Amino acid sequence: MESIDAALVRLLAGDASTLPSDLAEAYSVNCIAERIEYHGIAYFLYQQDILVPKALHKLIRQTVHLQGLWEISHREALAPLFGLLRARGVESIVTKGTALAYSIYDDPAMRRRGDTDLLVRRRQLQPARQALREGGWQRLTSKIGQTYQEVWRRDTGMGFTHDIDLHWNVVDSPLLQQVLDVEAMITRRQPLPALHEHAHAVDPVLGMLQGFINQTWHFNFGYEFMGRSIAGVRRLIWDMDNHLQARAFTPNQWAELQDIASLQGMAPVCRTCLYSARDRLGTPLPAHITRWLDTATQETPVSRYLSCKETQDAFWMDLAAIENPWRKAAFAMRRLFPSPDQLRERYGVTEGRAMPDLYLKRLGSLGRRLLASGR
């Protein structure tokens, strides 16, 4: 797929206006369309009116149409929630894709995504859940490994279902929680009137750092797409996020990004993400930022964590990062012994299956992975 990706980069950056003829001959229209879908860039290609085979143009147009309908439906389902949260005294912030969609993109539908991430304080988790229920959202079973978040879904009854990832920590990793603090994120929140009069978004500097962590995690451990996990490929929509954010940054925001990233050992992660946007899309970076990125220490606890090859390696680093012995034990138990509902969903079985069998299957799987890793 590298040849398709290279062609898409040139189209997205404006370095080409047509798909190479040899590429169109070598790959099926559906194959190219699937790659465009993976990268989340159909809207941009449609806007640029590029020259592609008619069948591919039709698929791109259909994708853009569905994106627009999804965005309208998503906003209608999501927006009323902010009034309900405010009525219950819950201070919340929208992060990641939805925060970017309604702040740096000309049209929110341009920012392809599958859900909305919402962050609240742990002590306000119960009233936040009550607001979600009042708004017609239903809580789903969390996936194994999701310790500090849960998924809420609303079915519009009109062909779309919408998800909210409710977080009470910025990330699920105890090690990375030391980098991005919930209180700082919520205290520094900014109004997001394009979404709702009571909606707030993450501060741009902290939001960019959170995005870098999220992108790097998915690059190493996989991004879920069409029922499979794709690792080792940077999505072009991530580069577009970084490109648009970087162009909007003020000198003070660049200085703050450098200060926070240096303090938290995030320079290597910043370097990878910013240089990807620069090399692919021509993102302009201040000279002092590139000097910092080139000279900063390229190995830190954060960079080592995000470059783990196996999830069990990340688990051990997370466990070591927890100082309180009771919290350490609780974290380990949640990972080793998930809830019955989580196990049933993980292994695709009905409630009739004996739970001891599933727990033994879970422990056996973990044991084999530990032996393979040499621990």
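Residues numbered from 1 in each chain as written. Predicted model: local features only at pLDDT ≥ 70, side-chain atom pairs only at ≥ 80, totals over all residues. Heavy atoms only, no water.

Enquirer: Before we move on, can you summarise the layout of surface pockets with the specific residues and values?
Expert: The computed volume of the second largest pocket comes to approximately 520 Å³. Along its surface, the second largest pocket is lined by 22 residues, and R122, Y148, N169, Q177 and R327 are the ones closest to its centre. Going through the elements one at a time, α9 (174-177), α10 (182-187) and α18 (325-336) are the ones with two or more residues in the lining of the second largest pocket. For the lining of the second largest pocket, the per-class residue count stands at nine nonpolar, five polar and eight charged. (1 Å grid on protein atoms, 1.4 Å probe; cavity = no way out; pocket = protein on both sides within 12 Å on 5 of 7 lines; lining within 4 Å. Points joined across faces, edges and corners; volume = space filled by probe spheres on them. Helix = DSSP H or I, 4+ residues; strand = E, 2+ residues; numbered from the N terminus. Nonpolar A, V, L, I, M, F, W, Y, C, P; charged D, E, K, R; others polar.)

Enquirer: I'd like a rundown of empty space enclosed by the protein, residues and numbers included.
Expert: The tally for this structure, following the rule as stated, stands at one cavity of 30 Å³ or more. Estimated volume of the largest cavity: approximately 40 Å³. Considering the residues around the largest cavity, the lining is formed by T95, K96, L118, L119, H167, V170 and Q210. Partitioning the lining of the largest cavity into residue classes produces three nonpolar, three polar and one charged.

Enquirer: Break down the pairing of strand β5 (residues 161-167) for me, with residues and values.
Expert: Most of β5 sits inside the fold, with six of its seven residues counted as buried. By the bridge criterion, four bridges tie strand β2 (residues 116-120) to β5 in an arrangement that is parallel. When the bridges of β5 are listed, T116 appears paired with I164. With seven bridges connecting them, strand β4 (residues 149-155) and β5 associate as antiparallel partners. Residue pairing for β5: D155 is matched across the bridge by T161. (Buried < 20%, exposed > 50% of the residue type's maximum accessible area, 1.4 Å probe, protein only. Pairing = 2+ DSSP bridges.)

Enquirer: An account of the nonpolar core is requested, with residue identities and associated values reported.
Expert: Counting 74 residues, the largest nonpolar core has L209, F212 and M266 as the members making the most contacts within it. Considering each element in turn, this core owes the most residues, seven residues, to helix α11 (residues 204-221). Ignoring any residue separated from it by four or fewer positions in sequence, one finds M266 in contact with V179, L209, F212, I213, A261 and V302. Counting residues in hydrophobic clusters, the runner-up holds 32 residues, among them L11, I36, A42 and V52. (Core = buried A, V, L, I, M, F, W, Y, C linked by side-chain atoms within 4.5 Å. Contact = heavy atoms within 4.5 Å.)

Enquirer: Tell me what's going on with the packing of aromatic side chains, and back it up with residues and numbers.
Expert: Scanning the entire structure with this criterion turns up nine aromatic pairs. Their ring planes at 35° and their centres at 4.1 Å tell us that W217 and F221 sit as a pair that is tilted. Of this pair, W217 and F221 both sit in helix α11, four residues apart, which is roughly one turn of the helix. Owing to a relative accessible area of 17%, F221 belongs among the buried residues under this scheme. Their ring planes at 85° and their centres at 6.3 Å tell us that Y223 and W238 sit as a pair that is edge-to-face. (Phe/Tyr/Trp six-rings, centres within 6.5 Å; stacked < 30°, edge-to-face > 60°.)

Enquirer: I'd like to hear about the pairing of β4, residue by residue, with values.
Expert: Of the strand pairs in this sheet, strand β3 (residues 138-139) and β4 are connected by two bridges, and their pairing is antiparallel. Residue R139 lies in a different strand from β4, and its bridge partner there is W152. Adjacent in sequence and paired antiparallel, β4 and β5 are bridged by five residues, among which G157 carries a positive phi angle near 75°.

Enquirer: How would you summarise unusual backbone geometry if you had to cite specific residues and measurements?
Expert: Even without being a glycine, K96 presents a positive backbone phi close to 55°. Secondary-structure assignment places K96 in helix α7 (residues 96-101). The class of K96 is partly exposed, set by a relative accessible area of 23%. Within the chain, M226 stands out as a residue other than glycine whose phi angle is a positive 50°.

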